[in-house]
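Survey of secondary and tertiary structure
One letter stands for each residue in the lines below.
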Amino acid sequence: MEIVNIEASAFIEMNNILFKIEKQLKGLNSSKSELNEWLDNQDVCIFMNISDRKLLSLRQKGLIPFSRIDRKVYYNKEDILNYMRNNLKNTY
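Summarised in this report is the structure supplied together with it. Just so we're clear, the structure is a prediction, and the values are computed from it rather than from any experiment. (Residues numbered from 1 in each chain as written. Predicted model: local features only at pLDDT ≥ 70, side-chain atom pairs only at ≥ 80, totals over all residues. Heavy atoms only, no water.)

1. Points about the nonpolar core
As a reminder, the rule being used: Residues belong to a common nonpolar core when they are buried Ala, Val, Leu, Ile, Met, Phe, Trp, Tyr or Cys residues joined through side-chain atoms within 4.5 Å. Type-normalised accessible area, obtained with a 1.4 Å probe on protein chains alone, sets the label of each residue: buried when under 20%, exposed when over 50%, and partly exposed for intermediate values. Helix numbers and strand numbers start at the N terminus; a helix is a DSSP run of H or I with at least 4 residues, a strand a run of E with at least 2. Every residue pair with non-hydrogen atoms within 4.5 Å of one another is taken to be in contact.
Core analysis: the largest hydrophobic core is formed by eleven residues, namely Leu39, Val44, Cys45, Met48, Leu55, Leu58, Ile64, Val73, Tyr75, Ile80 and Tyr83. At the level of elements, helix H2 (41-48), helix H3 (52-60), strand S3 (72-76) and helix H4 (77-91) are the ones that each hand at least two residues to this core. Looking at this core element by element, the count peaks at three residues for H2. Look past the residues within four positions of Leu55 in its chain and what remains in contact with it is Asn41, Val44, Cys45, Ile50, Ile64 and Tyr75.

Structure below.
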């Protein structure tokens, strides 16, 4: 086993830098999870209070962006919220 001696001030400085890096990484992870929240068909139907057929119609018309993995369809929550905001503006 090899032992390395460093000054206490250098050790404290290294520790502080590591804590800052850890904090930044945690911040990146939490912001990514908030921005990339994905919903499936059932979630969107409940969220928008619409039928699955209406959701299919919106998807086919290209009004709501979606992603498909195998046969399962996912929607970005921010896209759904944007559609709902725009739809409410147009109806009032």
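2. Overview of the packing of H2 against H3
For clarity, the threshold we go by: Angles shown run from 0 to 180 degrees and are taken between the N-to-C directions of axes, each axis being a line fitted to C-alpha atoms and, for helices, limited to the stretch in contact. Roughly parallel here means an angle under 35 degrees, roughly antiparallel means over 145, roughly perpendicular means 65 to 115, and every remaining angle is called oblique.
Packing of H2 against H3 brings their axes to within 9 Å, and their N-to-C directions diverge by 105°. Here H2 is positioned roughly perpendicular relative to H3, judged by the angle of their axes. For the pair H2 and H3, the contacting residues are Asn41, Val44, Cys45 and Met48 in the first and Asp52, Leu55, Leu58 and Arg59 in the second.

3. Some thoughts on H2
Three or four residues apart is the spacing at which side chains of an α-helix point the same way, because the helix has 3.6 residues per turn. The cut-off we apply is this: In this context, the arc is that of the directions from the helix axis out to the C-beta atoms.
The set of residues buried in H2 consists of Val44, Cys45 and Met48. An end-on view of H2 places all buried positions within 100° of arc, on one side of the element. Those residues of H2 that are exposed and angled more than 90 degrees off the buried face are Gln42 and Ile46. Asn49 occupies a position one or two residues after H2 and carries a positive phi of about 60°.

4. Some details on unusual backbone geometry
Residue Asn49 is not a glycine yet carries a positive backbone phi of 60°. Within the element layout of this structure, Asn49 appears in the loop between H2 and H3. Look at Asn49 and you get exposed, because its relative accessible area is 71%. For Asp70, which is not glycine, the phi dihedral falls at a positive 55°. Looking at where Asp70 falls in the secondary structure, it is placed in the loop between strand S2 (67-69) and S3.

Interpretation in functional terms is not warranted from these geometric data alone.
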